[in-house]
Amino acid sequence: DLPVADTAAPSAKTLPDAQKVTSVKHWSDNLFSFRVTRPASLRFRSGEFVMIGLMGDNGKPLLRAYSIASPNWDDELEFYSIKVPDGPLTSKLQHIKPGDEIILRPKPVGTLVLDALLPGKRMWFLATGTGFAPFASLMRDPETFERYEQVVMMHTCRTAEELNYGRELVENLRHDPLLTEIYGEDFAKRLLYYPTTTREESPLMGRITDNMISGKVFADLGLPPIDPATDRAMICGSLAFNVDVKAVLEGFGLREGANSDPKEFVVEKAFVGDGI
Ligand code: FAD
Ligand code: A2P
């Protein structure tokens, strides 16, 4: 008689730290979002990032940093991703389908967390491109609105199409029936949205830095200029963007903080490199 083990079907191969893809949405030629199962033990603070990836051709995990775009109460994890044509990871990751597995190292870290800032009245989320992702998490976390009376989401991309993931998310949130019930009809006034393009005509245009220095964003939204007594900010974009926005915020008198030393603003890179 054959031993039982020899007759059993071989078990399906599973990646280390595997999570199953539950949905994928393509927003443009160079952007997509996807959701995966969440490990039961994974705790994170909204705004943090984790390492995710796929198994490389050499049999070793190919991992990259990704901001978690979903809030910490969600039972799935959402990510918002670039597609770099020759990128080692995203040239493959862009082809994932529901039911596929990705690798997720459950060690969340990052500086874009509410605890890294002093209490204040108004929070500014300043992002370019996929730098929107950590704010997709923070805007969907009620804690953000418990700590701040008002949140302003400024997002800038080259083209209008690249704003769509963020636009849909913010507009749904501003008119969310549950949030409106909890916070009242004025909830939409507590979450202001300022999407701009720089290389294609759209209703609002210009770089975040220029719109702050000229005062256009304050005039358009009917807000006073940024003041260290009331305003807090989080920055997430390319290195050049982060450096320039940091200088603008410092010009308004804000200081960079950290988890261990909360102040008025925090910064994180949306990616490493020059962009595509
Ligand atoms: P890579 O070899 O990693 O990158 C190739 C080149 O593509 C880079 O040198 C850079 O010039 C450009 N590039 C890479 N990522 C981007 C990007 N997001 N936007 C514009 N240009 C880019 N990427 C996401 O898509 N979503 C995220 O939420 C995200 N969060 C990140 C958080 C942190 C803290 C860091 C450091 C990076 C994050 N990234 C994010 C970038 C991500 O880690 C990878 O670089 C990206 O997935 C591309 O991987 P790749 O192997 O295909 O190409
Ligand atoms: P612009 O089109 O004027 O360069 P990229 O795709 O190069 O990462 O840029 C994404 C968006 O961020 C673009 O709208 C771009 O504007 C803007 N941007 C790039 N660098 C800076 C910077 N140093 N300061 C402000 N905005 C920037």
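Quick notes on the rules
- Residues numbered from 1 in each chain as written.
- Chains lettered and ligands numbered in written order.
- Predicted model: local features only at pLDDT ≥ 70, side-chain atom pairs only at ≥ 80, totals over all residues.
- UniProt positions renumbered as here; feature names shortened; annotations may be inferred.
- Helix = DSSP H or I, 4+ residues; strand = E, 2+ residues; numbered from the N terminus.
- Near = placed C-beta within 6 Å.
- Domains from an automatic or database assignment.
- Contact = placed C-beta atoms within 7 Å.
- Nonpolar A, V, L, I, M, F, W, Y, C, P; charged D, E, K, R; others polar.
- Pairing = 2+ DSSP bridges.
- Expected span 1.5 Å × (residues − 1).
- Buried ≥ 20, exposed ≤ 12 C-beta atoms within 10 Å, placed from the backbone.
- Arc of directions from axis to C-beta.
- Axes fitted to C-alpha atoms, helices over the stretch in contact; angles between N-to-C directions.
- Core = buried A, V, L, I, M, F, W, Y, C linked by C-beta atoms within 7 Å.

**Section: the UniProt feature "domain: FAD-binding FR-type" (unreviewed entry) in the protein chain**
Here is step 1 of the chain: Here, the residues flagged by UniProt with the feature "domain: FAD-binding FR-type" (unreviewed entry) are residues 14–115.
Here is step 2 of the chain: With 4% helix and 47% strand, residues 14–115 has its two end C-alpha atoms placed 36 Å apart.

**Brief notes about the site of ligand 1**
Here is step 1 of the chain: In the neighbourhood of ligand 1, 26 residues make up the surrounding shell, with Gly87, Leu89, Thr90, Phe271 and Gly273 lying closest.
Here is step 2 of the chain: Of all the secondary-structure elements, those providing two or more residues to the shell around ligand 1 are strand S4 (61–67), strand S5 (76–82), helix H2 (90–93) and strand S11 (265–269).
Here is step 3 of the chain: Here the element with the most residues in the shell around ligand 1 is S4; it accounts for four residues.
Here is step 4 of the chain: The residue makeup of the shell around ligand 1 includes at least three contributed by each of domain 1 (18–108) and domain 2 (114–269).

**Some details on the domain arrangement of the protein chain**
Here is step 1 of the chain: Segmenting the protein chain into domains produces domain 1 (18–108) and domain 2 (114–269).
Here is step 2 of the chain: Using only C-alpha atoms to locate each centre, domain 1 and domain 2 end up separated by 24 Å.
Here is step 3 of the chain: On the domain 2 side, the residues contacting the 15 residues of domain 1 number 13 residues.
Here is step 4 of the chain: When contributions to the side of domain 1 that touches domain 2 are tallied by element, the ones reaching two or more residues are strand S1 (18–28), strand S2 (31–37) and S5.
Here is step 5 of the chain: The element that contributes the greatest number of residues to the side of domain 1 that touches domain 2 is S5, accounting for three residues.
Here is step 6 of the chain: For the side of domain 1 that touches domain 2, the per-class residue count stands at seven nonpolar, eight polar and no charged.

**Looking at the pairing of S4**
Here is step 1 of the chain: As defined by bridge partners, strand S3 (residues 49–55) adjoins S4 across seven bridges and the pair is classed as antiparallel. By the bridge assignment, Val50 is partnered in S4 with Tyr66.
Here is step 2 of the chain: Between S3 and S4, which pair antiparallel one after the other, the connecting turn spans five residues, and Gly59 there sits at a positive phi close to 80°.

**Describing helix H10 (residues 239–251)**
Here is step 1 of the chain: Spanning 13 residues, H10 covers 18 Å between terminal C-alpha atoms, matching the ideal 18 Å at 1.5 Å per step.
Here is step 2 of the chain: Taken residue by residue, H10 has Phe241, Val245 and Leu249 as its buried positions. With its buried residues spanning 60° around the axis, H10 presents them on a single face. Set apart from the buried face of H10 by more than 90 degrees, the exposed residues are Ala240, Val243, Ala247 and Gly251.

**Let's talk about the sheet that holds S2**
Here is step 1 of the chain: The strand order S4-S3-S6-S1-S2-S5 describes an open sheet built from six strands, whose pairing is antiparallel. The sheet is open, and its two borders are formed by S4 and S5, each paired with just one other strand. Geometrically, the sheet is characterised by an average inter-axis angle of 35° between neighbouring strands, direction not taken into account.

**Description of the nonpolar core**
Here is step 1 of the chain: Counting 62 residues, the largest nonpolar core has Phe125, Leu126, Met153, Met154 and Met234 as the members making the most contacts within it.
Here is step 2 of the chain: Of the domains in this structure, domain 1 (18–108) and domain 2 (114–269) are the two that each give at least three residues to this core.
Here is step 3 of the chain: Residues within four places of Phe125 in sequence aside, it is in contact with Phe135, Leu138, Val151, Val152, Met153, Met154 and Met234.

**Quick look at helix H5 (residues 164–174)**
Here is step 1 of the chain: When H5 is considered as a whole, its buried residues turn out to be Tyr165, Gly166, Leu169 and Val170. Within H5, the buried residues cover an arc of 115° as seen down the axis, which keeps them to one side.

**Concerning the environment of Leu173**
Here is step 1 of the chain: Position of Leu173 among the secondary structure elements: in helix H5.
Here is step 2 of the chain: Assessed through the 18 C-beta atoms surrounding it within 10 Å, Leu173 is described here as partly exposed.
Here is step 3 of the chain: In this structure, the C-alpha to C-alpha distance between Leu173 and Phe187, residues 14 residues apart in sequence, is 9.3 Å.
Here is step 4 of the chain: The contacts of Leu173, once residues within four sequence positions are left out, are Met139, Arg140, Leu179 and Leu191.

**Observations concerning the sheet that holds strand S9 (residues 191–197)**
Hydrogen bonds between backbone atoms are what pair the strands of a sheet, whose relative direction is either parallel or antiparallel.
Here is step 1 of the chain: An order of S9-S8-S7-S10-S11 is seen for the five strands of this open sheet, with the pairing classed as parallel. One side of each edge strand has no neighbouring strand; the edge strands of this open sheet are S9 and S11. Here the average twist between neighbouring strands, direction ignored, is 10°.
Here is step 2 of the chain: Summarising the sheet, strand S10 (residues 231–237) and S11 pair through five bridges and their orientation is parallel. Among the inter-strand pairings, Met234 is bridged to a residue of S11, identified as Val266.
Here is step 3 of the chain: Docked against the sheet, H10 engages strand S7 (122–128), S10 and S11, running at close to 165° with respect to S10.

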